[in-house]
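# Summary of the model geometry
Below are the chains, spelled out letter by letter.
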Amino acid sequence: MTQDELSRLLQHAASATPAEVPAALEGSIMQRVRTDTGRARRWWMLTGLIVMLALLAGITTAAFIGWSKAVQDPIHAKPPAMPLFKGGPL
């Protein structure tokens, strides 16, 4: 396609009047738009649910790992020996 043909094609497309939707199709088009809007809303909710479940699983996993590490830690199993509680001099 040459530059002149492309220019002529673009000028023709710019000057063309937009085609109107027949009245008989308007109802079915609007019904399709409503169906698509509902479908988009359901996908949005599903995606949000998946993200929330992943976040909850991550927090639960982190809490479980932290708890299991704390249970295995022998440092805090018994209080430290302090001279104050032995009755010795301060």
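From a predicted model like this one, the values you see are computed outputs, not experimental measurements.

## A look at the pattern of salt bridges
A side chain of one charge can pair with a side chain of the opposite charge when the charged atoms of the two come close. For the structure shown, the criterion picks out two salt bridges. Here Arg32 and Asp36 are joined by a salt bridge, their closest N and O atoms 3.4 Å apart. Of this pair, Arg32 and Asp36 both sit in helix α2 (residues 23-72), separated by four residues, roughly a single helical turn. Looking at Arg32, the relative accessible area reads 51%, which means it is exposed. We classify Asp36 as partly exposed; its relative accessible area is 31%. Note that Arg39 and Asp36 form a salt bridge whose closest N and O atoms lie 2.9 Å from each other. Taken together, the residues span about one helical turn, with Arg39 and Asp36 both in helix α2 at a distance of three residues. Through salt bridges with shared partners, a single ionic network connects Arg32, Asp36 and Arg39.

What counts and how
Residues numbered from 1 in each chain as written. Predicted model: local features only at pLDDT ≥ 70, side-chain atom pairs only at ≥ 80, totals over all residues. Heavy atoms only, no water. Salt bridge = Lys/Arg side-chain N within 4 Å of Asp/Glu carboxyl O. Helix = DSSP H or I, 4+ residues; strand = E, 2+ residues; numbered from the N terminus. Buried < 20%, exposed > 50% of the residue type's maximum accessible area, 1.4 Å probe, protein only.

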